[in-house]
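# Breakdown of the fold
Here's the letter readout for the chains.
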Amino acid sequence: MSRVYNFSAGPAVLPEEVLKEAAAEMLDYNGTGMSVMEMSHRSKAFEEIIQTAEQDIRDLLKIPDNYKVLFLQGGAHQQFAAVPLNLFKNRVGDYIITGQWAKKAWKEAKLYGTANAIASSEDKTFSYIPDCSDLPVDENADYVYICENNTIYGTKFHTLPNTKGKTLVSDVSSCFLSEPMDVSKYGVIYGGVQKNIGPAGVVIVIIREDLIREDVLPETPTIMRYDVQAKAGSLYNTPPCYGIYICGKVFKWLKKQGGLEAMKERNERKAKILYDYLDESKLFHGTVRKEDRSIMNVPFVTGDKELDTLFVKEAEAAGFVNLKGHRTVGGMRASIYNAMPEEGVVKLVEFMKKFEAEHADA
Ligand SMILES: *Cc1c(COP(=O)(O)O)cnc(C)c1O
């Protein structure tokens, strides 16, 4: 067996330790004589799995007691709809458009009310984060919405927007648990786990209790109601049991690595190795304004499409896979999530240097 360095944007690399543990427990989880895939979501064993997972993510993010944590299905896309359905009172939401995911969320909200685009970086292919210090926030806005780390474009909000007192909603899918967060600054934080936490199929929603209401928009499907899911402890219907179990293992792994402070340090160090090289390279360069760079997703180009294609092909043959950039940016993108070892980034840079030397006069 040989494992590659997987730079996929998602579903993405998971800690090898976690995969090995899951493999060892595949046929008999903890003396139950069955796999977690085979057990009732109302069994004692699963109850312990989901409760331990919740406690561990609470510890990692220091989630205040007045926030609920939900483990749901439907991915981030379901939350694009669930957010306006549950939070709209005035049916007004303000959106900051920093990429395709924010744009999709904005379009979804328009199905249920007025969704204002109060800032955008689309003029430069979303290669920066717009100034959000003095936004034209609608006085009737039920919330201000951001996509905190833009997976496709490689930008990150390093400063949260000034929401002028409005509730902040954030899609953190691709930076979830990559560094500490001050949860109290948000009304709702949510993320699909398949980028930085676990397998596809789980979305985690962290929501302040006073935002959980029974008088949601009448067209809200019951399954998408935060009040219903919160009351049922995420067990209103069958949750994505196996995915939650793997997330729980990743939370334990993160604690063992030293928690989110340690992960931040490690992720910054990894990103710096790649960005430092991109800044000095004569062949490769980053596509994002420096102060807005993500430490999770790093897009880069050579400026020559054929050379980009050749690089992706040769990299793959050398064991560095899924480096092809998103079709709207072109070039390459290295996603270097929590589970990507530093060694993977070091070796990728070595490979890029070799490629650069071979194509010096391209
Ligand atoms: C991948 C991604 C999504 C889409 O997630 P799904 O689970 O496929 O709905 C949304 N937002 C961000 C930031 C993402 O990275």
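Residues numbered from 1 in each chain as written. Predicted model: local features only at pLDDT ≥ 70, side-chain atom pairs only at ≥ 80, totals over all residues. Heavy atoms only, no water.

### Quick word on the overall build of the chain
From N to C terminus, the chain includes 9 helices and 14 strands. By its C-alpha atoms, the chain is 65 × 55 × 30 Å across when sized along the principal axes. In the chain, buried positions account for 57% of the 362 residues. Summed over its atoms, the accessible surface of the chain is roughly 15800 Å², and 49% of this surface lies on carbon and sulfur atoms. Charge-centre separation for the chain: the mean point of 44 positive side chains lies 1 Å from the mean point of 50 negative side chains. (Helix = DSSP H or I, 4+ residues; strand = E, 2+ residues; numbered from the N terminus. Buried < 20%, exposed > 50% of the residue type's maximum accessible area, 1.4 Å probe, protein only. Areas by Shrake-Rupley, 256 points an atom, 1.4 Å probe, with all protein chains shown as cover. Lys, Arg positive; Asp, Glu negative; His and termini not counted. Charge placed at Lys NZ, Arg CZ, Asp CG, Glu CD.)

### A word on the nonpolar core
Ile204 and Phe311 are the most contacted members of the largest nonpolar core, which totals 89 residues. No other element matches helix 6 (residues 241-256), which puts 10 residues into this core. Counting the residues that make up this core, at least three belong to each of domain 1 (5-13 + 257-358) and domain 2 (16-256). Not counting chain neighbours up to four residues away, the residues in contact with Ile204 comprise Ile57, Val69, Leu70, Phe71, Phe176, Ile189, Tyr190, Gly191, Val193, Ile197 and Phe251. Listed in part, the 34 residues of the second largest apolar core include Tyr95, Phe126, Met224 and Ala230. (Core = buried A, V, L, I, M, F, W, Y, C linked by side-chain atoms within 4.5 Å. Domains from an automatic or database assignment. Contact = heavy atoms within 4.5 Å.)

### Structural notes on the domain arrangement of the chain
Domain parsing of the chain yields domain 1 (5-13 + 257-358) and domain 2 (16-256). The C-alpha-based centres of domain 1 and domain 2 are spaced at 26 Å. Carbon and sulfur atoms make up 54% of the surface buried where domain 1 meets domain 2, a total of about 2500 Å² over both sides. Broken down residue by residue, the surface that domain 1 buries against domain 2 is led by Gln257, Leu260 and Asp292, which jointly contribute 26%. The interface formed by domain 1 and domain 2 holds 1 salt bridge in total. Close ionic contact of Lys264 with Glu179 constitutes a salt bridge, the shortest N to O distance being 3.7 Å. Across the contact surface, domain 1 and domain 2 share 22 residue pairs in polar contact (both at pLDDT 80 or more). The set of elements that each furnish at least two residues to the side of domain 1 that touches domain 2 consists of helix 7 (259-280) and strand 12 (297-301). (Buried area = accessible area lost by both parts, 1.4 Å probe. Salt bridge = Lys/Arg side-chain N within 4 Å of Asp/Glu carboxyl O. Polar contact = N/O pair within 3.5 Å; in protein donor to acceptor, adjacent residues only side chain to side chain.)

### Some words on the environment of Asp227
Turning to its location among the elements, Asp227 is positioned in helix 5 (residues 226-231). A relative accessible area of 11% means that Asp227 is categorised as buried.

### Some remarks on the packing of helix 7 against helix 9 (residues 342-358)
Contact pair helix 7 / helix 9: the axes reach a minimum separation of 9 Å and the direction vectors enclose 10°. Of the possible angle classes, the one that applies to helix 7 and helix 9 is roughly parallel. Listed contacts from helix 9 to Arg269, Lys270, Ile273, Leu274, Tyr277, Leu278 and Glu280 of helix 7 are Glu342, Val345, Val346, Leu348, Val349, Met352, Lys353 and Glu356. Considering only residue class, the contact of helix 7 with helix 9 consists of 9 nonpolar, no polar and 6 charged. (Axes fitted to C-alpha atoms, helices over the stretch in contact; angles between N-to-C directions. Parallel < 35°, antiparallel > 145°, perpendicular 65-115°, else oblique. Nonpolar A, V, L, I, M, F, W, Y, C, P; charged D, E, K, R; others polar.)

### Description of the pairing of strand 9 (residues 188-192)
Sheet faces and side chains relate simply in a regular strand, where the side chains alternate between the two faces. For strand 9, a buried count of 5 out of 5 residues is recorded, marking the element as mostly surrounded by other parts of the structure. Across 3 bridges, strand 8 (residues 168-171) lies against strand 9 in parallel orientation. Its bridge partner being in strand 9, Ser170 is matched across the sheet by Ile189. Strand direction decides the pairing type here: strand 9 and strand 10 (residues 203-208), joined by 5 bridges, are antiparallel. Across the sheet, the residue bridging to Val188 is Ile207, located in strand 10. (Pairing = 2+ DSSP bridges.)

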